[in-house]
Amino acid sequence: MNPYQKKRRWKIFLLVFAIVIGGASVFYSDFFVKKMEREEAAQFQLRVKVLEQQMKMYDNEQLTGVFDLIKKNNKMAVIITEENGSIYLYDGLDSTKTLYDSDTTKQYDSLYYVRQLAKMKEQHLPARMVGSEGEPLIAYYKDSFILTQLRYFPYIQLGVVALFVLAAYVAFSQARKAEQDQVWVGMAKETAHQLGTPISSLMAWVELIKSRFDAEDDPLVAEMENDIHRLEIITDRFSKIGSKPILEDHIVYVVIQNFVDYFKVRTSDKINFIITGDSQVRALLSVPLFDWVIENLLKNAANAIENEGTITINIIENLAKEEVFIDVSDTGRGIPRSKFDTVFQPGYTTRKRGWGLGLSLTKRIIENYHKGQIFVKDSELGKGTTFRIILKSSITYEPTTNTGVPRMG
């Protein structure tokens, strides 16, 4: 199982944990809500009977105190209407909302009871009762404040659980990422240190070969020197990992051409390299790191080409946005559209012996160090793939007549 799969499994575990906790909270709260609803329904029936008896025995002073005591302990909001819908009486509501203060000329709410009645009709079925004169009446009630709050409680609790899980995930991810970064930085710097000695020895051996065998102009020796220089660049890359790179103004075409000249003699002669586009556009680059980007893209492109094929690098300047587009295209096997984002994930690879770090590292170099973008612009299975890099151009210039001429490798 690669690191990406492990990370995905951890995300799924956190999601399942949040769903279980949230579901249990909603279920448990719903149990109490239903229990309170039954209790309030029973209290409403009791309240109706008390009001009904009170209206019949309003002149019985001995029972008036009992009725008042029952009402005091049952503060449920109730509205009683006649059959035609007009309000007959109400109890347990805030009557101050309908008062008019002559000193402050505060406007009273004349529709307060109408709205409360409408709310009661939406919440519960009414109960029928008989008035003091034997007339039919209809009683309504609404949920208590505590029951209303309890209905929203599970959703609030679910939100709190979700925030907790999110905070835990972010904290864990940041701590894990920081730890991984420290390990990678330490390994990179140690690798650079270890490479220093054999590179120095190789340089000495090449000089010895040139002096003893009169091989100053031998092309094989020249290529050996190119490889040693390449090792020096790689060592410099590793030594700078973890440090902020220095970006300098460079002609993008020249930087890419220099690397292609080195790379193409070390790959299959059945692959043709073409560099097209603007040969004068400039951008702020860290050449050792940017070469790493081009190297990863060209290696992936070369691996995607099974027999003969072409790798094309097209450089375009978007003057309107002062951006540089670098499109790296191949005629290889292509990438499924569903994998356009996945290819940049650490650990993703289609090769049996690959680590799956090349494109992940490429994305980090472009986005974190060069403040640019990289993505799969287009791909078709069996026909090829195009990656696009977007960088900020460093100088705006007037295009010359020699720009846009294809350069063959």
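Check the entry above for the structure.
For clarity, every value in this text was computed on a predicted model and none was experimentally measured.

Asks: Teacher, can you tell me more about the overall build of the protein chain here?
Replies: Helix and strand counts for the protein chain come out as eight helices and 12 strands. In the protein chain, of all internal contacts separated by at least 6 residues, the share reaching a separation of at least 24 is 69%. Summed over all atoms, the accessible surface of the protein chain reaches about 25700 Å², with 57% contributed by carbon and sulfur.

Asks: Got a minute to help me understand the nonpolar core in this structure?
Replies: Within soluble globular proteins, side chains that are nonpolar generally end up buried alongside one another. V252, I256, F290, L298, I311 and I326 are the most contacted members of the largest nonpolar core, which has 41 residues in total. In terms of residue count, the dominant contributor to this core is helix α7 (residues 287-304) (nine residues). Of all hydrophobic cores here, the second largest spans 12 residues; its members include V48, L51, M129 and A139.

Asks: Is there a simple way to think about the packing of α7 against helix α8 (residues 358-369) in this case?
Replies: Running from N to C, α7 and α8 cross one another at 145 degrees; their axes reach a closest spacing of 9 Å. Crossing of α7 over α8 shows left-handed handedness. Between α7 and α8, the contacting residues are L289, F290, W292, V293, N296, L297 and N300 on the first element and G358, L359, L361, T362, I365, I366 and Y369 on the second. Looking at side-chain class alone, the contact of α7 with α8 contains 10 nonpolar, four polar and no charged residues.

Asks: Would you take a moment to explain the environment of L289 for this structure?
Replies: As for its placement among the helices and strands, L289 is situated in helix α7. When the C-alpha atoms of L289 and I241 are compared, they prove to be 9.6 Å apart, with 48 residues separating the residues in sequence. When residues no more than four places from it in sequence are discounted, the contact partners of L289 are P245, I365, Y369 and H370.

Asks: Got a minute to help me understand the pattern of salt bridges in this structure?
Replies: Applying the stated criterion across every chain, the model contains 13 salt bridges. In this structure, E223 engages R266 in a salt bridge whose closest nitrogen and oxygen atoms are separated by 2.8 Å. Remark: R266 occurs in the loop between α6 (252-264) and β6 (271-277) and E223 occurs in helix α5 (residues 219-240); sequence separation between them is 43 residues. By relative accessible area, E223 is classed as partly exposed at 30%. Linked through salt bridges whose partners overlap, the residues forming this network are E207, K210 and E225.

Asks: Please explain the packing of aromatic side chains as it appears in this structure.
Replies: Any pair of aromatic rings gets described here by the distance separating the centres and the angle formed by the planes. Tallying each qualifying case throughout the model produces eight aromatic pairs. Plain terms: the ring middles of F31 and F32 are 5.5 Å apart, the flat faces sit at 75 degrees to each other, and that makes the pair edge-to-face. A centroid spacing of 6.0 Å and a plane angle of 90 degrees characterise the contact between F344 and F387, whose relative ring orientation is edge-to-face. Of this pair, F344 sits in the loop between β9 (323-330) and α8 while F387 sits in strand β11 (residues 384-395); the two residues are 43 residues apart in sequence, bridging distant segments of the chain. Among the aromatic side chains, those forming a connected cluster through ring pairs are F259, Y262, F263 and F273. K363 extends its terminal NZ or CZ atom over the ring of F344, reaching a point 5.0 Å from the ring centre.

Conventions used here
Numbering of residues starts from 1 in every chain and runs along the sequence as written. The predicted nature of this model means local features are confined to residues of pLDDT at least 70 and side-chain atom pairs, given and counted, to a pLDDT of 80 or more, with totals for whole chains, interfaces and linings taken over all residues. Each side-chain value is worked out from all heavy atoms of the structure, with water and hydrogens disregarded. Secondary structure elements are defined from DSSP: runs of H or I of at least 4 residues count as helices, runs of E of at least 2 residues count as strands, and each element is numbered from the N terminus. Note on definitions: a residue-residue contact is assigned when non-hydrogen atoms from the two residues lie within 4.5 Å. In this description, accessible areas are obtained by the Shrake-Rupley approach with a 1.4 Å probe, and a residue is regarded as covered only by the protein chains that are shown. The term nonpolar core refers to a set of buried residues drawn from Ala, Val, Leu, Ile, Met, Phe, Trp, Tyr and Cys, joined through side-chain atoms within 4.5 Å. For every residue, the accessible area (1.4 Å probe, protein chains only) is compared with the maximum for its type, and the residue is labelled buried under 20%, exposed over 50%, or partly exposed between those bounds. Lines fitted to C-alpha atoms define the axes here, with helix axes fitted over just the stretch in contact, and angles between the N-to-C directions of these axes take values from 0 to 180 degrees. It is the rotation of the near helix from the far one that decides the hand of a crossing: anticlockwise by less than a right angle makes it left-handed, clockwise makes it right-handed. Under the scheme applied here, ten amino acids are nonpolar (Ala, Val, Leu, Ile, Met, Phe, Trp, Tyr, Cys and Pro), four are charged (Asp, Glu, Lys and Arg), and all others, including Gly, are polar. For this document, the term salt bridge refers to a Lys or Arg side-chain nitrogen within 4 Å of an Asp or Glu carboxyl oxygen. A pair of aromatic rings is counted whenever rings of Phe, Tyr or Trp (Trp by its six-membered ring) have centres within 6.5 Å, and the orientation is called stacked for planes under 30 degrees apart, edge-to-face for over 60 and tilted otherwise. Both a distance and an angle decide whether a charge sits over a ring: NZ of Lys or CZ of Arg must be within 6 Å of the ring centre and within 35 degrees of the ring normal.

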